[in-house]
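# Coordinate analysis (summary)
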Amino acid sequence: MDILSPERAEAFIRANTALMAPPHVPELRLHLADEAHDLWSRTEAELESIGLQPPFWAFAWAGGQGLARYVLDNPDIVAGKRVLDFASGSGLVAIAAARAGAAHVLAADIDPFCAAAVALNAAANETKIDFTADDLVGLTGDWHVVLAGDVFYDKAFAERLMPWFTSLARGATTVLVGDPGRSYLPKTAMTALATYQVPVTRALEDAEVKKTTVWRFG
């Protein structure tokens with residue numbers, strides 16, 4: 001499959017997902033995989049064998065759902081501001097920011113399928129989201145707010161993010177993270193803002209409900 005073709009990426013997403021509401025943010029609709037789709041049951045090794053990265057964009061992860069809920073319930077966090085949704089995946093958090101009144105929302109993800117996923121989901125929710133596939137780690141943009149849902153699942157990735165998030169937070173940028181207790185979540189220099197019980201699926205997680213906290217860096 002030519003993953004560089006937006007048309008083929010969109011066709012793949014439409015064929016392997018359904019438009020549905022994430023349980024913790026039912027006012028939104030996303031193209032997500034479920035038990036009815038073959039994409040759900042394939043293992044990571046099987047996906048790699050056909051040249052497809054694990055489809056993180058096809059699922060509403062607990063950290064993203066919790067962060068999206070917080071943004072929707074506290075629109076002043078983003079209203080009238082420039083927002084970056086980092087490691088956007090499906091675009092869930094970016095869409096929540098747009099719905100909450102952000103002046104501009106940029107979704108960033110290096111997965112080549114995410115541009116199509118974010119575009120489809122933004123359209124389904126009648127929101128405008130810009131997208132970049134650039135690796136933004138370490139960069140200082142014109143963002144007032146940086147949102148990151150479920151990003152501390154990998155040690156090496158967490159070690160890259162911590163200095164960046166810390167630097168941004170020391171400046172004029174608000175950095176918010178949604179996390180359901182991933183192994184590499186830093187334990188210091190953060191303030192808990194809200195905690196949710198987020199329904200998830202046992203096919204992805206170790207429980208049907210994940211305690212998810214929204215944290216502010218700095």
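What comes next is a walk through the structure. (Residues numbered from 1 in each chain as written. Predicted model: local features only at pLDDT ≥ 70, side-chain atom pairs only at ≥ 80, totals over all residues. Heavy atoms only, no water.)

Turning our eyes to something else, we now look at the sheet that holds strand 5 (residues 130–132). Strand pairing in a sheet relies on backbone hydrogen bonds. The paired strands run either parallel or antiparallel. If you trace the 7 strands from one edge of the open sheet to the other, you get 5-4-3-6-7-9-8, paired in mixed fashion. One side of each edge strand has no neighbouring strand; the edge strands of this open sheet are strand 5 and strand 8 (190–199). Ignoring which end each strand starts from, the neighbouring axes of this sheet average 20° apart. Two elements, strand 3 (residues 82–86) and strand 6 (residues 145–149), share 4 bridges in a ladder whose sense is parallel. Each bridged residue has a counterpart across the sheet, and for Leu84 the counterpart in strand 6 is Val146. Here helix 4 (residues 62–73) sits on the sheet and contacts strand 6, strand 7 (174–179), strand 8 and strand 9 (209–217); the angle it forms with strand 8, its principal contact strand, is near 110°. (Pairing = 2+ DSSP bridges. Helix = DSSP H or I, 4+ residues; strand = E, 2+ residues; numbered from the N terminus. Axes fitted to C-alpha atoms, helices over the stretch in contact; angles between N-to-C directions. Contact = heavy atoms within 4.5 Å.)

To continue, consider the packing of aromatic side chains. As enumerated under the stated definition, the model contains 15 aromatic pairs in all. Plain terms: the ring middles of Phe56 and Trp61 are 5.9 Å apart, the flat faces sit at 50° to each other, and that makes the pair tilted. Taking the centre distance of 6.4 Å and the plane angle of 85° together, the rings of Trp143 and Trp164 count as edge-to-face. Residue Trp143 is located in the loop between strand 5 and strand 6, and its partner Trp164 is located in helix 7 (residues 155–170); the two are separated by 21 residues in the primary sequence. Note on accessibility: Trp143 and Trp164 belong to one class, buried. (Phe/Tyr/Trp six-rings, centres within 6.5 Å; stacked < 30°, edge-to-face > 60°. Buried < 20%, exposed > 50% of the residue type's maximum accessible area, 1.4 Å probe, protein only.)

Here we take up helix 7. A rise of 1.5 Å per residue sets the reference length of helix 7, with its 16 residues, at 22 Å; its end C-alpha atoms lie 23 Å apart and thus fit the reference within 8%. The axis of helix 7 is deflected most strongly, by about 25°, at Leu161, and proline Pro163 appears within four residues downstream. Along helix 7, the positions that sit buried rather than exposed are Phe157, Ala158, Leu161, Trp164, Phe165 and Leu168. Against the buried residues of helix 7 lie strand 3, strand 6, strand 7 and strand 9. Of the residues that open helix 7, the one with a side-chain oxygen 3.2 Å from the backbone nitrogen of Ala156 is Asp154. (Expected span 1.5 Å × (residues − 1). Bend = angle between axes of the 7 residues up to and from the residue. Polar contact = N/O pair within 3.5 Å; in protein donor to acceptor, adjacent residues only side chain to side chain.)

Right, let's talk about the pairing of strand 9 for a bit. Two faces, one strand: in a regular strand the side chains alternate between the faces of the sheet. Bridge analysis of strand 7 against strand 9 gives 4 bridges, and the strand direction is antiparallel. Looking across to strand 9, one finds that Gly178 is bridged to Val214. Bridging between strand 8 and strand 9 involves 9 bridges; their strand directions are antiparallel. By the bridge assignment for strand 9, Thr195 is matched with Thr213.

Another aspect to go through is the environment of Phe157. Tracing the backbone through its elements, the reader meets Phe157 in helix 7. Since its relative accessible area comes to 18%, Phe157 is described here as buried. Sequence-wise, Phe157 and Tyr184 are 27 residues apart; in three dimensions their C-alpha atoms are separated by 9.1 Å. Dropping the residues within four chain positions of it, Phe157 is found in contact with Phe86 and Val151.

Let's shift gears to the pairing of strand 7. For strand 7, a buried count of 6 out of 6 residues is recorded, marking the element as mostly surrounded by other parts of the structure. The alternating pattern of strand 7 places Thr174, Leu176 and Gly178 on one face and Val175, Val177 and Asp179 on the opposite face, and all of these are buried. Direction of pairing for strand 6 relative to strand 7: parallel, over a ladder of 5 bridges. Among the inter-strand pairings, Gly149 is bridged to a residue of strand 7, identified as Gly178. Once the chain exits strand 6 it traverses helix 7 before rejoining the sheet at strand 7, and the crossover so formed is right-handed. (Right-handed = clockwise from strand over helix to strand, strands pointing away.)

Time to look at the environment of Gly178. Mapping Gly178 onto the fold places it in strand 7. For Gly178, a relative accessible area of 0% puts it in the buried group. On a C-alpha basis, the gap between Gly178 and Gly101 in space is 20 Å, while along the polypeptide they are 77 residues apart. Those residues in contact with Gly178, other than ones at most four positions away along the chain, are Gly63, Leu67, Ala148, Gly149, Asp150, Thr213 and Val214.

Keep in mind these numbers describe shape, not what the thing actually does.
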